[in-house]
Amino acid sequence: MDPDYSAQDVARCDLCKTAIAQSYCDFCHVNLCKPCIGEHISNEYDKHKIVPILQRNSTLIYPKCATHKNEDCKYKCKKCNIFVCYECVVSNQHQGHQYSKLEEIFTALKTQIEKDEDELENLILPKYEEIAEDLESQIASLDGEYEKLATEISKHREEMHREVDNAIDKMEREIGEIKVKHHSILQKHLDEIKEIQALIQQSQTNLNELKESNKVCLTIQYTSKNAEFSSFPPKMKVIMPEFQPKQIKREELFRLFGELIPLSTTLEERVFTAKEPNISVRELLDEPEVLNIIKTGYKYLRSVTSLNDEHIWTSGTTADMKCFNIQGVLQKTNKTKSGERPRDIAVDFDGTVLYSDETQKTVYKVKNGQTEEIITLQGWKPGEVCVTSSGDLLVTMFSDDKTQSKVVRYSGSTVKQTIQFDDVGQPLYSGNCFLKYISENRNLDICVADYRASAVVVVNRAGKLRFRYTGHPSPTKTKPFQPIGITTDSEGRILTADSDNHCVHILDTDGQFLRYIDNCDLRDPYGLCVDSNDNLFVCELSGGNVKKINYMK
């Protein structure tokens with residue numbers, strides 16, 4: 001046997017079918033033994049290329065030229081994006097064009113293929129094996145984890161029972177003490193009554209003797225005591241203690257016992273990178289504080305957006321869009337092209353101001369004092385706008401008949417994505433309301449405050465629904481939850497304005513309520529934004545003020 005082959009890798013000649021092949025025709029793609037080589041190259045083809053079998057497939061097979069028969073296309077015309085032969089290259093048809101060598105493209109892609117194969121084998125597949133092992137481990141530990149959870153609940157039940165027993169024992173002891181006191185009070189009063197009874201009986205005896213006696217001296221000395229005995233003692237009334245059980249409300253009992261947080265499932269993007277150092281998480285302040293109040297002069301203030309750490313842009317119900325520094329000094333004023341109020345405003349990374357005008361069905365940008373249309377709609381009106389981390393523009397919009405709403409992502413004036421329905425074809429957003437402020441979170445979730453739906457609707461970057469937040473029960477927040485402004489911070493928290501309840505809700509990235517900002521004397525909070533230092537700016541609708549609030553440590 002040829003030493004170049006192992007028992008598992010023996011190539012047979014494709015002509016005689018029996019002998020071991022030592023050669024290969026790289027043009028015809030057949031295995032050949034030494035005796036069959038001559039027979040093979042004796043046919044009419046003149047392009048046979050015989051190579052050792054270990055070097056098979058080393059000769060490139062080029063596509064044939066459609067224009068020049070029997071010519072190989074060894075080039076690619078960059079302008080025409082087609083394969084061409086040498087005759088095509090020197091022809092007038094491709095005069096002045098640039099070309100790429102197919103051999104170079106082939107070699108580069110071969111290198112990429114080898115790299116991809118190596119990455120699949122040594123990185124990607126092992127990671128999937130790691131993921132599968134992790135899931136198998138989680139499944140194997142389910143019984144133990146749930147048994148531990150049940151044990152914790154059972155232990156808490158025993159503690160609750162002990163506390164109930166202790167309370168009842170204490171109450172029973174108090175009943176015994178009260179009974180002794182009650183008995184003592186009644187017994188003392190009885191003793192007093194019996195003492196008077198004895199005196200009355202003695203008086204009866206004396207009267208009986210006097211009634212039978214004829215002695216004048218004894219009779220004339222008699223003094224009646226009936227008046228004294230007729231002054232009856234007050235009636236002793238001791239009220240029995242009562243047990244007034246509190247009505248047990250099942251919901252309150254559940255809250256008193258504890259809360260079982262339901263099972264939740266989220267999908268997180270896996271990123272296999274080098275282990276990163278621990279990054280501290282900025283915690284929330286117990287008491288948020290107002291750092292500054294900027295008086296904008298608007299009668300009704302609707303939107304605020306951060307240009308940088310030193311400036312903000314604002315808009316209200318007039319055509320003016322005003323820029324203020326952090327000290328509250330007016331720096332610049334732009335006016336809408338139509339003279340109508342802007343629906344919403346945003347600022348791009350280079351400081352360009354963007355605004356939507358529902359009356360014109362258009363989104364504009366203003367730079368260096370020049371206003372330019374970038375998006376014009378048909379059948380829809382633009383609502384609120386948001387610039388994403390990638391520089392795209394998210395626009396909420398509603399149909400002319402006010403029955404539908406959607407979110408559209410633009411790159412410049414080109415539509416990249418439309419978000420309107422969930423996986424079962426139901427609308428994600430209410431269709432009969434303009435107010436749908438929008439923000440992109442750090443994890444690229446798209447967060448919409450849907451006022452009419454009374455919900456914050458959050459979808460992932462693919463437009464799939466992640467969750468709806470419909471408010472948090474509170475005895476001090478008596479009005480229905482109807483979110484208006486919305487923004488996100490560097491920790492991925494979501495902040496939304498609850499104008500009717502004069503507060504701001506703070507949620508985590510999964511929609512879990514964290515706390516309210518309700519101690520800053522907010523009056524009808526409306527538009528929100530957060531600057532790069534995580535300072536919160538809150539528009540007060542009717543006051544026309546922007547409050548700068550510190551809410552993180």
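S.K.: Summarise the sheet that holds strand β7 (residues 284–295); cite the residues concerned and give the values.
M.R.: Across the sheet, which stays open at both edges, the four strands sit in the order β7-β30-β29-β28 with antiparallel pairing between neighbours. Of all the strands in the sheet, the pair left with one neighbour each is β7 and β28 (525–530). Shown here is a sheet whose adjacent strand axes are inclined to one another by a mean of 25°, direction ignored.

S.K.: Tell me what's going on with the pattern of salt bridges, and back it up with residues and numbers.
M.R.: Counted under the stated rule, the structure contains 19 salt bridges. Note that Asp 400 and Lys 361 form a salt bridge whose closest N and O atoms lie 2.7 Å from each other. Of this pair, Asp 400 sits in the loop between β17 (393–399) and β18 (405–411) while Lys 361 is found in the loop between β13 (353–357) and β14 (362–367), placing the two residues 39 residues apart along the sequence. Here Asp 392 and Lys 416 are joined by a salt bridge, their closest N and O atoms 3.0 Å apart. Of this pair, Asp 392 sits in the loop between β16 (380–387) and β17 while Lys 416 sits in strand β19 (residues 414–419), and the two are 24 residues apart along the sequence. Exposure remark for Asp 392: the relative accessible area of 6% places this residue in the buried category. In the salt-bridge network here, residues are joined through shared partners; they are Arg 341, Arg 343, Glu 358 and Glu 384.

S.K.: Quick one: what's the story with helix α1 (residues 34–41), residue by residue and with numbers?
M.R.: Of the residues making up α1, those classed as buried are Cys 36, Ile 37 and His 40. Projected onto a plane normal to the axis of α1, the buried residues spread over an arc of 120° and lie on a single side. Of the exposed residues in α1, the ones pointing more than 90 degrees away from its buried face are Pro 35 and Glu 39. At its buried positions, α1 is contacted by β1 (23–25), β2 (30–32) and β3 (50–52).

S.K.: Got a sec to walk through unusual backbone geometry? Specific residues and values, please.
M.R.: At Asn 70, a position not held by glycine, the phi torsion is positive, near 65°. For Asn 70, the position within the fold is in the loop between β3 and β4 (75–77). For Asn 70, a relative accessible area of 64% corresponds to the exposed category. With phi around 55°, Ser 454 is a residue other than glycine that occupies positive phi space. Inspection of the secondary structure assignment puts Ser 454 in the loop between β21 (446–450) and β22 (455–459).

The rules behind the values
Residues numbered from 1 in each chain as written. Predicted model: local features only at pLDDT ≥ 70, side-chain atom pairs only at ≥ 80, totals over all residues. Heavy atoms only, no water. Pairing = 2+ DSSP bridges. Helix = DSSP H or I, 4+ residues; strand = E, 2+ residues; numbered from the N terminus. Axes fitted to C-alpha atoms, helices over the stretch in contact; angles between N-to-C directions. Salt bridge = Lys/Arg side-chain N within 4 Å of Asp/Glu carboxyl O. Buried < 20%, exposed > 50% of the residue type's maximum accessible area, 1.4 Å probe, protein only. Arc of directions from axis to C-beta. Contact = heavy atoms within 4.5 Å.

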